[in-house]
Amino acid sequence: ENKESSSSRGALIVLEGLDRCGKTSQSGRLYKYLDEQGQSVESWRFPDRNTGIGQMISSYLANKSQLDDHAIHLLFSANRWEKRSLMEEKLKSGTTLIVDRYSYSGVAFSSAKGLDIEWCKAPEIGLLAPDLVVYLDISPEKAAERGGYGDERYEQLEFQKKVAGSYLSLRDSSWKVIDATLSIEDVEKKLREVVLDCMMTCHKGKPLSQ
Ligand code: DGP
Ligand code: NA
Ligand code: NA
């Protein structure tokens with residue numbers, strides 16, 4: 001393999017967590033920080049609601065359309081697949097991607113509905129493997145107290161409790177877990193630490209994998 005290109009590629013950094021855990025503001029802050037450091041970095045999110053598939057997902061989440069649980073699961077997955085080649089291109093050209101939700105959301109949310117977990121994982125196989133997964137940890141009860149909760153289909157306490165359980169069973173020792181109930185600044189600081197550590201050490205020399 002070509003050592004040079006694998007050591008100069010960007011890092012694939014994924015943020016996961018329950019709704020209202022603060023992922024979106026933290027990915028914005030992290031993006032701004034890395035960008036100001038002169039890094040080549042982009043902030044992405046899934047679902048990407050801008051594509052045709054993304055618009056179907058968005059309409060489903062807003063309760064404007066109904067879909068079979070398996071069908072919506074596959075649409076979420078397809079939404080990641082349609083961005084895969086661009087993702088690979090960006091990473092290979094040296095751009096670090098901060099991605100707000102990825103395959104773990106797919107598996108956690110759909111298996112929380114009762115779908116078989118192995119069935120949920122299958123369509124994610126072959127997507128690019130993250131270099132770092134950061135889980136912003138908050139209890140479903142605390143998340144529910146935060147503003148804006150309840151606007152979309154999945155933002156309900158009982159369902160989020162199930163999602164939390166699914167995430168717990170998906171987590172492995174490589175995930176970095178940050179207490180999302182700390183102040184915004186403290187979460188930001190801890191996030192920077194794990195991300196800089198990954199960018200300086202863990203993804204260096206490691207080829208992109210699936
Ligand atoms: P967000 O834009 O991050 O608020 O995500 C929208 C909602 O969709 C949120 O409740 C999490 C959920 N979600 C994200 N990705 C997936 C997925 O792949 N499958 C399912 N079932 N739900 C997902
Ligand atoms: Na949300
Ligand atoms: Na689903």
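Read on for a plain summary of the structure. In this text, all values refer to a predicted model and were calculated from it rather than measured experimentally. (Residues numbered from 1 in each chain as written. Chains lettered and ligands numbered in written order. Predicted model: local features only at pLDDT ≥ 70, side-chain atom pairs only at ≥ 80, totals over all residues. Heavy atoms only, no water.)

Right, let's talk about the coordination of the sodium ion (ligand 2) for a bit. Distances from the sodium ion (ligand 2) to its protein donors, Asp19 (OD) and Glu155 (OE), fall at 2.6 to 2.7 Å. Residue Asp19 is located in the loop between β1 (12–17) and α2 (23–36), and its partner Glu155 is located in the loop between α8 (140–145) and α9 (157–170); the two are separated by 136 residues in the primary sequence. Considered together, Asp19 and Glu155 belong to a single accessibility category, that of buried residues. (Donors = N, O, S within 2.8 Å, 3.2 Å for Na, K, Ca; no water. Helix = DSSP H or I, 4+ residues; strand = E, 2+ residues; numbered from the N terminus. Buried < 20%, exposed > 50% of the residue type's maximum accessible area, 1.4 Å probe, protein only.)

Bringing the coordination of the sodium ion (ligand 3) into the picture now. Donor atoms from the polypeptide that coordinate the sodium ion (ligand 3) comprise Ser110 (OG) and Lys113 (NZ), at 2.6 to 3.2 Å from the metal. Residue classification places Lys113 among the partly exposed positions, given a relative accessible area of 23%.

Here α9 is 14 residues long and its end C-alpha atoms lie 20 Å apart, about the 20 Å a rise of 1.5 Å per residue gives. All of the buried residues in α9 are Phe159, Gln160, Val163, Ala164, Ser166, Tyr167 and Leu170. The buried residues of α9 occupy an angular sector of 165° when projected down its axis, which confines them to one face. Away from its buried face by more than 90 degrees, α9 exposes Glu158, Lys162, Leu168 and Ser169. Summarising the contacts, the buried residues of α9 are in contact with β1, α6 (103–112), α7 (117–121), β4 (132–137) and α8. (Expected span 1.5 Å × (residues − 1). Arc of directions from axis to C-beta. Contact = heavy atoms within 4.5 Å.)

Axis separation between helix α3 (residues 52–61) and helix α4 (residues 69–81) bottoms out at 9 Å; the angle between their running directions is 135°. Between α3 and α4, the interaxial angle falls into the category oblique. Pair α3 / α4 crosses with left-handed handedness. Counted together, Ile53, Gly54, Met56, Ile57, Tyr60 and Leu61 of α3 and Asp69, Ile72, Leu75, Phe76, Ala78 and Asn79 of α4 form the full contact between these two elements. Of the residues contributing to the contact of α3 with α4, the split by class is 9 nonpolar, 2 polar and 1 charged. (Axes fitted to C-alpha atoms, helices over the stretch in contact; angles between N-to-C directions. Parallel < 35°, antiparallel > 145°, perpendicular 65-115°, else oblique. Left-handed = near helix turned anticlockwise from the far one by under 90°. Nonpolar A, V, L, I, M, F, W, Y, C, P; charged D, E, K, R; others polar.)

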